[in-house]
Amino acid sequence: MEPLDYNGFLKTLEEGNPSEKWPASLRSLWFDAQGNWEASHNIAQDIHDNTGSWIHAYLHRKEGDDWNAGYWYGKADRPFPKISLGEEFKQLVLFVLETDFPKQ
């Protein structure tokens, strides 16, 4: 299933795995939504662009490592967020769907 919006992404969480056709950024977020921080982090640290740095920052913020998160927010050229982790996650998914997901 290919998500077209945030709710579509949430529906994919019922599947056993993310699609291999998805960009790494969306697969990383899928694993995070499934509670698999380690798999999400392993993917994110291999994405060498601002999106990967933002996901990496979010994951370290989620684990409570604000120092490391701050470093990665800087690499992503983003300020340390003042919003909830849930809201940031939604922003990330929407951003990836708009910028990194292959358009049909």
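In the block above lies the structure referred to throughout.
Now for a look at the structure at hand. (Residues numbered from 1 in each chain as written. Predicted model: local features only at pLDDT ≥ 70, side-chain atom pairs only at ≥ 80, totals over all residues. Heavy atoms only, no water.)

Quick look at the pattern of salt bridges
Put simply, the rule is: Salt bridges are counted wherever a side-chain nitrogen of Lys or Arg sits within 4 Å of a carboxyl oxygen of Asp or Glu. Strands are runs of DSSP state E lasting at least two residues, helices are runs of H or I lasting at least four, and both sets are numbered from the N terminus onward. Summary of the burial criterion: residues with accessible area below 20% of their type's maximum are buried, those above 50% are exposed, and those between are partly exposed, where the area comes from a 1.4 Å probe applied to protein chains only.
Evaluation of the coordinates by the stated rule reveals two salt bridges. Between Asp-32 and Lys-62 there is a salt bridge, and its shortest N-O distance comes to 2.8 Å. Residue Asp-32 is located in helix α2 (residues 24-33), and its partner Lys-62 is located in helix α4 (residues 50-63); the two are separated by 30 residues in the primary sequence. When its relative accessible area of 3% is taken as the criterion, Asp-32 is described as buried.

Section: helix α6 (residues 85-99)
What counts is decided by this rule: A helix is expected to reach a length of 1.5 Å times the quantity of its residues less one. By definition in these notes, contact holds between two residues if any of their heavy atoms fall within 4.5 Å.
For α6, built from 15 residues, the straight-helix expectation of 21 Å at 1.5 Å per residue is met to within 8% by its first-to-last C-alpha distance of 21 Å. For α6, the complete set of buried residues consists of Glu-88, Phe-89, Leu-92, Val-93, Val-96 and Leu-97. Residues of α6 that are buried make contact with α1 (6-12), α2, α4 and α5 (66-75).

Quick look at the side chain of Arg-27
Here is the rule we go by: Positive charges come from Lys and Arg alone, negative charges from Asp and Glu alone, with His and the N- and C-terminal ends not counted.
Structurally, the position occupied by Arg-27 is in helix α2. Look at Arg-27: it is buried, it has no salt bridge, and the nearest opposite charge is Glu-20 at 4.5 Å. Setting aside residues no more than four positions away along its own chain, Arg-27 makes contact with Pro-18, Ser-19, Glu-20, Trp-22 and Ile-43.

Let's talk about α2
In terms of burial, α2 is largely enclosed, as eight of its ten residues are buried. Looking at α2, one finds that the buried residues are Ser-25, Leu-26, Arg-27, Ser-28, Leu-29, Trp-30, Phe-31 and Asp-32. Looking at the buried residues of α2, the elements they touch are α1, α3 (37-44), α4 and α6.

What about the packing of α2 against α6?
Where we set the bar: Axis lines are fitted through C-alpha atoms, for helices just across the contact stretch, and the angle between N-to-C directions can take any value from 0 to 180 degrees. With respect to orientation, any angle under 35 degrees is reported as roughly parallel, any angle over 145 as roughly antiparallel, any angle of 65 to 115 as roughly perpendicular, and every other angle as oblique. Put simply, a crossing is left-handed when the front helix is turned counterclockwise from the back one by less than a right angle, and right-handed when it is turned clockwise. Here the nonpolar group is Ala, Val, Leu, Ile, Met, Phe, Trp, Tyr, Cys and Pro; Asp, Glu, Lys and Arg are the charged ones; every other residue, Gly included, is treated as polar.
Relative to each other, α2 and α6 sit at 155°, their axes nearing to 10 Å. Relative to α6, α2 is oriented roughly antiparallel. When you trace α2 past α6, the crossing you get is left-handed. On α6, the residues touching Ser-25, Leu-26, Leu-29, Asp-32 and Ala-33 of α2 are Phe-89, Leu-92, Val-93, Val-96 and Leu-97. A class-by-class count of the residues in the contact of α2 with α6 yields eight nonpolar, one polar and one charged.

Quick notes on the packing of α2 against α3
Contact pair α2 / α3: the axes reach a minimum separation of 7 Å and the direction vectors enclose 165°. In this view, α2 runs roughly antiparallel relative to α3, as classed from their interaxial angle. Relative to α3, the crossing made by α2 is left-handed. Only Ala-39, Ser-40, Ile-43 and Ala-44 of α3 make contact with α2, whose side of the interface consists of Ala-24, Arg-27, Ser-28, Leu-29, Phe-31 and Asp-32. Classifying every residue of the contact of α2 with α3 by side-chain character gives six nonpolar, two polar and two charged.

As for the nonpolar core
Short version of the rule: Definition used in this section: a nonpolar core is a set of buried Ala, Val, Leu, Ile, Met, Phe, Trp, Tyr and Cys residues joined via side-chain atoms within 4.5 Å.
Among the nonpolar cores identified, the biggest contains 26 residues, and Phe-9, Leu-26, Leu-29, Phe-89 and Val-93 are the most heavily contacted of them. Elements with a minimum of two residues in this core: α1, α2, α3, α4, α5 and α6. In contact with Val-93, not counting residues within four places along its chain, are Tyr-6, Phe-9 and Leu-29.

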